Amino acid sequence: MVQQPLLAQASPVPAPVAAPAPPPAPEPAPPVAELETVQVTGSRIPRAQVEGPAPITVITAETIRAGGFTSVPDVLQSLTQNGGETQSQQSAGGADFSPGAQQVDLRGLGPNHTLVLVNGRRIADFPMPFGGRSNFTDISSIPLGMIDRIEVLTGSASAIYGSDAISGVVNFILKKEADGITLDYRFGRTERGDAESFRLNASGGLSRGAFSAVFGAEYRNQQPLWGFQRAQQDSSYDAPNPERYGYPPRNFLITDWWDDYIDPGEDTCNALSHLNEGTMHYAERRNYGNYCGSDRAVAYRTMISEREGINTYASLNYDFAGGLRWFADVQAGRHEVSLFRAPRSWALMTADGTEWDYFYNRSTEQLEYWQRQFTLEEMGGLRNGMVNTVQKTFSITTGLAGRLGEAWDYEAALGHSQYRAEISWPQIVAARANELFLGPQLGVDEDGYPIFDAPYSRMYTPLTRAEYDSIFARTTYHPESDTQTAWFTLTNAELFQLPGGAAGFAATAELGHQSYDLKPDPLATQYYYYSWKDSDGAGSRNRWALAGELRMPLHDTLNLSVAGRFDQYRFAGRDPNKFTWSAGLEWRPIDSLLVRGSYGTAFRAPDLHYVFTGPGNDETSVTDFYRCDTEEPDAESYDDCSWGDEGIIRSRVGNRDLEPETSDSWTAGLVWSPTASWDVSLDWFSIDMRNQVRDLRANEVMRWERDCRLGLNGADPDSSTCVDMLARITRTVDGSIYGVHVNPINIARERTQGVDAASNLRFDTPVGLFRLNAGYTWVDRHDIQEYPDEAVVDQFAVNSGYDIPRTKASLLVGWEKNAWSASVQGRRLGSLPNGWSYDEVWEEGDPGPWIEATYRYTANVGYRFSDHSRLSLSVVNLTDEMPPADPTYTSYPYYDISWFDTEGRSFYLQFTHKFGGSAL
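From a predicted model like this one, the values you see are computed outputs, not experimental measurements.

**Q** Would you mind going over the packing of aromatic side chains with me for this structure?
**A** The geometry of an aromatic ring pair comes down to the distance between the two centres and the angle between the two planes. For the structure shown, the criterion picks out 36 aromatic pairs. Relative to phenylalanine 472, the ring of tyrosine 468 lies with its centre 5.5 Å away and its plane at 25°, an arrangement referred to as stacked. Summarising the burial analysis for this pair, tyrosine 468 and phenylalanine 472 share the class buried. Joined through ring pairs, the aromatic side chains of Trp346, Phe374, Phe437, Tyr468 and Phe472 make up one cluster. The ring of phenylalanine 625 has arginine 703 sitting right over it, with the charged end atom 4.3 Å from the ring centre. The side chain of arginine 709 reaches across the aromatic face of tyrosine 626, ending 3.7 Å from its centre.

This is the structure in structure tokens:
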């Protein structure tokens, strides 16, 4: 996928020698080759070579078609440098915090450290934060059929682009040239006959005198895929060791003070057996007791979201006299996305937000806990429980480009990009549900527990639609984000002469503004909906920057590039600023060999949501390491401990004192092109990031509490770290864990380094033209240090709590002969931690701790009816591979959803026809 470097050089043609006799007419001299200059991601100076001092991966529209890619996230997932754990369409965080959005994470440093550009320009962030924490760019709505190429620069680029480009830049270049009208239609479905999709793309261009335009529109429709449509995850009994881990969700549950389940009796559950499509039954959980549950309830969630939408795009140009050119790029899109997270639940939550474990039931004269998960029939069908999102994107860039004098080119432009959304989540109104199930509260007992008089018949009677509707509501947010930029750029490709040729120079001045506003439902920021108290968040910042770049051919074989940039931000009464710089060296000892290296500093201003988020709570679960180690030290594992999976309230608020993140990035490598049809590249990379902003993990806080209270693992109870950690934890009067406070902080350091390798080969044979594109990334180290006085954590170590692969590889083999073409793409994902290692509870003798490397293949075959018409068939997941079995992955769907799914083999039929113009 790495575009071949342009190493060809033009040579002068010798003049003919004179003779006494009249010479024959001389043959015309062959024209001197002219290398077109292009602007490549990572530089503002046009150049003849695509390859430069830092490695760039180029994925063309032809590669996208040959690889059978079905979406932009699918394309970027094939990048070996894209090694971070991001949200999939099955992700709970994606459903709760950023429904319908997807991310790219170069080098595994987090999506917010990858700068995403469209036509070299910034676009607005998704208006809801990633995981409820950081801002990021949504790549799911970028139209695949309108992409000309994708350029990926890995490593620091802050000296060129400013903030965000710590781990790299992904630049989507949309089509800029078109003649005629091209229609492209693709239909897809899985081998099992579901998840149907289709995409219709129309693009074209026109030229009328000085005016030219390229335009396009893409319509997409994707039907959902549900968990219950795949045998590997359609039931809780699909769990490894189902007797231990595969107990059904507790749709109807009552427990006593000791957390023992109060047996409802088999007859009671049999009377409910018609619910959840006839799967409700008398169930048992080991060590706890019996209850009424449905094994199918876990599978009521979408694996692939339902999506329907359209994107439109236009690129306009008008050439005035004297070399002045007006340009404008306009993009607008609207998508509706629907997904299902899980059926709604209820337990007692009082008006002050306390989610009580128990209440005193006067009817039975004991403390009890009641829990309900509502059924398909009660809610009136799955459609009523879907998270619905309407995404609206719009961006426009317009400006003038021309020439000042004989040597200087300029561009002056204004850009605006916005992202508006309407997101609606189904919720249960806590007070109404309390009243429906428990009746009015009758005070509190001597220990402070609420008192109700609640007969069991109320719990075990299914709700009518009217009753469910009386406690059901939707919370709707209207989040929005936008960014505006004004810039002026000067370039001079021949600033002065050096021994190797003319030096090129570029200078840029920028003014920018960025803002976001979550605009939540006001009731969602109160204790109104059950187990949902969200934080508000709104803020903005201004920035300005000056940047310069110089490319100097010191010798025919040696080029030096240097760049520097100064950025200043203004927000929250502060004005942090940063100067960043970079340098790169290119040495061509022979025409076919490029030896290169680069160094750059980078920074990232704190995310707006990290700074401006208001107080809010959410629910999660943690291991109470302190109680497990002190009260059940003989437990076989934390998973077997009575406090191994404690539900807590996680509280959070923004931090206006955050400092910018900074980093140093190095690359060194070579590109060798022994022939015009073969090139090989090998590059070493290293990124050292400091002051990284991220939230503490609740389990980390719990582990520190244990270590600080017991003096374990070198923890000093009087240290600032221990004082801070202990203050973050709230326990009830009986010692039970209730809440953990986690807020964004500047942590000490995160570092990664490794090697990228790539090769491209093209050879012609009597049986056809063959192409081979190969890529491989090996990460030597990736570690993180949360606090200056804390140990460094190796993210590849057992029990690290991180889920990233050390290696990724891809191979595309293509063939063409006359009207036929075919290709096979293979991807290899290196080993990953198994479930217990990811949960940091793996011990010697347990299975694992690794999941072995996995492979996926896509095949494509195409036929050209003519120069203007072609048909292709792609088979994704050719061998119908399912997620690897992991006996320790005990939570639904029992495999790592960040990297795998059970969609299975899928087929995509694509037809393309062009009316008029040149050949396809």
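**Q** Explain the environment of leucine 498 to me, please; I cannot follow it from the model alone.
**A** With respect to the element layout, leucine 498 can be found in strand E23 (residues 480-498). Placed 54 residues apart in sequence, leucine 498 and methionine 552 show a C-alpha to C-alpha distance of 7.3 Å. With sequence-adjacent residues up to four places away left out, leucine 498 is seen in contact with Ala503, Met552, Pro553 and Leu554.

**Q** Help me understand the sheet that holds strand E35 (residues 737-741) in this model?
**A** Within a sheet, neighbouring strands are paired by backbone hydrogen bonds and run either parallel or antiparallel to one another. Read from one edge of the open sheet, four strands run E29-E30-E35-E34, paired in mixed fashion. At either end of the open sheet lies a strand with only one pairing partner, and these are strand E29 (616-622) and strand E34 (729-731). Direction aside, the axes of adjacent strands within the sheet are offset by 25° on average. When E34 meets E35, the two strands line up antiparallel, connected through three bridges. Looking at E35, one finds that isoleucine 729 is bridged to valine 740. Along the sheet, helix H14 (residues 698-710) contacts E29, strand E30 (646-652), E34 and E35; its crossing angle with E34, the most-contacted strand, is approximately 75°.

**Q** Honestly, a nonpolar patch on the surface in this entry has me stumped. Any pointers?
**A** There is a patch of nonpolar side chains on the surface, built from Ile181, Leu183, Leu206, Phe215 and Phe915 and spanning about 390 Å² of accessible area. Within the element layout of this structure, phenylalanine 915 appears in strand E46 (residues 906-915). Judged by relative accessible area, which is 47%, phenylalanine 915 ranks as partly exposed.

**Q** It is not clear to me how empty space enclosed by the protein should be interpreted in this structure. Could you clarify?
**A** The gaps left among the atoms become clear once a water-sized probe is rolled over them. All chains considered together, the criterion is met by 13 cavities of 30 Å³ or more. Quantified by volume, the second largest cavity comes out at close to 400 Å³. Lining the second largest cavity we find 31 residues, and of these Gly42, Pro53, Ala54, Leu153 and Ser582 sit closest to its centre. For the lining of the second largest cavity, the secondary structure elements donating two or more residues are strand E4 (147-154), helix H4 (158-161), strand E25 (538-555), strand E26 (558-570), strand E27 (577-590), strand E28 (593-604) and strand E31 (661-675). Among the residues making up the lining of the second largest cavity, the classes are represented as 13 nonpolar, 14 polar and four charged.

**Q** It is not clear to me how unusual backbone geometry should be interpreted in this structure. Could you clarify?
**A** In most cases, non-glycine residues show a negative phi, while peptide bonds are predominantly trans. Proline 849 follows glycine 848 through a cis peptide bond whose omega is 15°. Inspection of the secondary structure assignment puts proline 849 in the loop between helix H16 (835-838) and strand E43 (850-851). In this chain, tyrosine 892 is followed by proline 893 through a cis amide linkage whose omega measures 5°. Mapped onto the fold, proline 893 is located in the loop between strand E45 (869-876) and E46. At asparagine 799, a residue that is not glycine, the phi angle is positive and equals roughly 65°. On the secondary structure map, asparagine 799 appears in the loop between strand E39 (793-794) and strand E40 (807-817). When its relative accessible area of 24% is taken as the criterion, asparagine 799 is described as partly exposed.

**Q** What should I look at first to understand the pattern of salt bridges in this one?
**A** Close approach of charged atoms allows side chains with opposite charge to pair. Tallying each qualifying case throughout the model produces 50 salt bridges. Two residues, aspartate 756 and arginine 107, come together in a salt bridge whose shortest N-O distance is 2.5 Å. Of this pair, aspartate 756 sits in strand E37 (residues 749-765) while arginine 107 sits in the loop between helix H3 (92-97) and strand E2 (114-118), and the two are 649 residues apart along the sequence. Just as aspartate 756 is buried, arginine 107 falls in that class too. When the shortest N-O distance is used, the salt bridge between glutamate 191 and arginine 905 registers 2.5 Å.

**Q** Looking at this structure, how should I read the state of the cysteines?
**A** Chemically, a disulfide is nothing more than a covalent bond linking the sulfur atoms of two cysteines. Scanning the model with the defined rule gives three disulfides in all. Here cysteine 628 is linked by a disulfide to cysteine 641, with a sulfur-sulfur distance of 2.0 Å. Across the S-S bond of cysteine 628 and cysteine 641 the torsion is about -100°, and the bridge reads as left-handed. On the criterion of sequence distance, the pair formed by cysteine 628 in helix H13 (residues 625-631) and cysteine 641 in the loop between H13 and E30 is long-range, its members being 13 residues apart. Taken as a pair, cysteine 628 and cysteine 641 share a single burial class, namely buried.

What counts as what
Residues numbered from 1 in each chain as written. Predicted model: local features only at pLDDT ≥ 70, side-chain atom pairs only at ≥ 80, totals over all residues. Heavy atoms only, no water. Phe/Tyr/Trp six-rings, centres within 6.5 Å; stacked < 30°, edge-to-face > 60°. Buried < 20%, exposed > 50% of the residue type's maximum accessible area, 1.4 Å probe, protein only. Lys NZ or Arg CZ within 6 Å of the ring centre and 35° of its normal. Helix = DSSP H or I, 4+ residues; strand = E, 2+ residues; numbered from the N terminus. Contact = heavy atoms within 4.5 Å. Pairing = 2+ DSSP bridges. Axes fitted to C-alpha atoms, helices over the stretch in contact; angles between N-to-C directions. Patch = residues over 30% accessible without salt bridge, like charges linked within 9 Å, V, L, I, M, F, W, Y side chains within 5 Å. Areas by Shrake-Rupley, 256 points an atom, 1.4 Å probe, with all protein chains shown as cover. Salt bridge = Lys/Arg side-chain N within 4 Å of Asp/Glu carboxyl O. 1 Å grid on protein atoms, 1.4 Å probe; cavity = no way out; pocket = protein on both sides within 12 Å on 5 of 7 lines; lining within 4 Å. Points joined across faces, edges and corners; volume = space filled by probe spheres on them. Nonpolar A, V, L, I, M, F, W, Y, C, P; charged D, E, K, R; others polar. Disulfide = S-S within 2.5 Å.

Function-wise, these values are silent; they only describe arrangement.
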